[in-house]
Amino acid sequence: MDSARRFSIRLAMASLLTAGASFSTGAATFVDAQPYLSFADSAFAGVAFDDYFHLEDFEDGLLNTPGVSSASGGFVIGPSAQTDSVDGDDGAIDGSGAGGHSFFSGFPGGTDTFTFDFDAGVLGRLPTHVGIVWTDVGEATPTPGFGSVTFTAFGAGGALGTVVSGTFGDGSTFGATAEDYFFGVIDPLGISRITISMAGFSSDWEVDHLQYGATTVPLPAMFGPCLAGCALLGLRRRRA
Ligand SMILES: [Ca+2]
Ligand SMILES: [Ca+2]
Ligand SMILES: [Ca+2]
């Protein structure tokens, strides 16, 4: 067996083990900082949600999708030079989110941590998938326009895990979108809360596209790595 084929088989097996462990144990899977200009970029865009799915893009000026609340401060802001919506929300993917709506920390006196809570009583069950898009930072310590982002998810048993990004931002308080990133979590046992935070860096920042759904179908986020590995294995076999 040549080394390329051995590698591809190992890749396929590793993918199976990863996906199987995630699903069978209920361990959370995190999606860390994926570039995002519209919902088509969401890690959940291809998931066949068979129970429910909600996307809060704030374009009606409210946080009002079913079964979610936020008591951590912040509010929706509308179009302005310094508004940093997801790019596509204003109808054009053009490098600017200034024509849309976002959820703003409320600087000065803003919050450095957004908390979103999910209500199983309203939704029927807790979401299995939750994501949000970080879109901007303005005033920040030690460098304006830059800072680190921490994303944490919670389930019935407590914290499911945390993702800490590297330095985010483009140094600008205006609505440019190349800096915008999606964070997400998947847990078949349900997600009761997420927090996204710039604590220690800023209370002048924005998020958008809060999205959450519940499904018994784990494709493709859970099995995507497996499919990629298996496809590679099949390709190697055909070439052999
Ligand atoms: Ca735009
Ligand atoms: Ca928006
Ligand atoms: Ca931005």
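Residues numbered from 1 in each chain as written. Chains lettered and ligands numbered in written order. Predicted model: local features only at pLDDT ≥ 70, side-chain atom pairs only at ≥ 80, totals over all residues. Heavy atoms only, no water.

Draft legend 1. Representation of the environment of Leu189 in the model. Tracing the backbone through its elements, the reader meets Leu189 in the loop between strand S10 (181–186) and strand S11 (193–197). It is 7.6 Å that separates the C-alpha atoms of Leu189 and Gly155, two residues lying 34 residues apart in sequence. (Helix = DSSP H or I, 4+ residues; strand = E, 2+ residues; numbered from the N terminus.)

Draft legend 2. Expanded view of the confidence of the model for the protein chain. Counting all residues, the mean pLDDT for the protein chain is 84, and 79% of those residues have values of 70 or more. Predicted confidence is poor over residues 1–25, with pLDDT under 50, and the contacts of this stretch with residues over four places away or in other chains come to 28 contacts. (pLDDT = per-residue confidence, 0-100. Contact = heavy atoms within 4.5 Å.)

Draft legend 3. Representation of the coordination of the calcium ion (ligand 3) in the model. Protein coordination at the calcium ion (ligand 3): the donors are Asp84 (OD), Asp84 (OD), Thr135 (O), Ala176 (O), Glu179 (OE) and Asp180 (OD), at 2.1 to 2.9 Å from the metal. Classification of the site at the calcium ion (ligand 3) rests on its 6 donor atoms, whose angles at the metal span 47 to 170°, yielding the label irregular. Each donor residue of the calcium ion (ligand 3) lies on the same chain, and together they follow the pattern D-x50-T-x40-A-x2-E-D. With Asp84 in the loop between strand S4 (75–77) and strand S5 (102–104) and Thr135 in strand S7 (residues 129–137), this pair connects stretches of sequence that are 51 residues apart. We note that Asp84, like Thr135, is buried. (Donors = N, O, S within 2.8 Å, 3.2 Å for Na, K, Ca; no water. Tetrahedral: all angles 85-135°; square planar, octahedral: opposite > 155°, others 65-115°. Buried < 20%, exposed > 50% of the residue type's maximum accessible area, 1.4 Å probe, protein only.)

Draft legend 4. The arrangement of the pattern of salt bridges in detail. Within this structure, the stated rule accounts for 2 salt bridges. As a salt-bridge pair, Asp51 and Arg125 come within 3.3 Å of each other at their nearest N and O atoms. Of the two residues, Asp51 is situated in the loop between strand S1 (29–35) and strand S2 (52–56) and Arg125 in the loop between helix H2 (120–123) and S7; the sequence distance between them amounts to 74 residues. A residue is classified by how much of its surface remains accessible, and Asp51, at 42% relative accessible area, is partly exposed. On the basis of relative accessibility, which here comes to 24%, the residue Arg125 falls in the partly exposed class. Here Asp117 and Arg193 are joined by a salt bridge, their closest N and O atoms 2.6 Å apart. Taken together, the positions of Asp117 in strand S6 (residues 113–118) and Arg193 in strand S11 put the pair 76 residues apart, joining distant regions of the chain. (Salt bridge = Lys/Arg side-chain N within 4 Å of Asp/Glu carboxyl O.)

Draft legend 5. The coordination of the calcium ion (ligand 1), seen in detail. Only Asp87 (O), Asp87 (OD), Asp90 (OD), Asp90 (OD), Ala92 (O), Asp94 (OD) and Ser96 (O) from the protein reach the calcium ion (ligand 1) as donors, at distances of 2.2 to 2.6 Å. Sequence spacing of the donor residues for the calcium ion (ligand 1), all on one chain, is D-x2-D-x1-A-x1-D-x1-S. Judged by relative accessible area, Asp87 falls into the buried class, the value being 1%. For Ala92, a relative accessible area of 31% translates into the label partly exposed.

Draft legend 6. Geometry of the pairing of S11. Across the 5 residues of S11, 4 count as buried, placing the element largely inside the fold. Across 5 bridges, S6 lies against S11 in antiparallel orientation. Within S11, the residue paired with Phe114 across the bridge is Ile196. With 5 bridges joining them, strand S8 (residues 147–155) and S11 adopt antiparallel strand pairing. Residue pairing in the sheet places Phe151 in a bridge with Ile196 of S11. (Pairing = 2+ DSSP bridges.)

Draft legend 7. Here's a closer look at the packing of aromatic side chains. Following the criterion strictly, the structure yields 17 aromatic pairs and no others. Seen from their ring centres, Phe103 and Phe116 are 5.8 Å apart, and the 55° between their planes marks the pair as tilted. Linking Phe103 in strand S5 with Phe116 in strand S6, this pair joins segments that are 13 residues apart in sequence. Given the relative accessible area of 0%, Phe116 is considered buried. Taken together through their ring pairs, the aromatic side chains of Phe30, Trp134, Phe151, Phe168, Tyr181 and Phe183 make up a single cluster. (Phe/Tyr/Trp six-rings, centres within 6.5 Å; stacked < 30°, edge-to-face > 60°.)

Draft legend 8. Local environment of the sheet that holds S6. Taken together, 5 strands build an open sheet; the order of strands is S3-S6-S11-S8-S9 and the sheet is antiparallel. Of all strands in the sheet, those bounded by a partner on one side alone are strand S3 (68–69) and strand S9 (158–168). Where S8 lies against S9, 8 bridges are found, and the strand directions are antiparallel. Looking at S9, one finds that Ser148 is bridged to Thr167.

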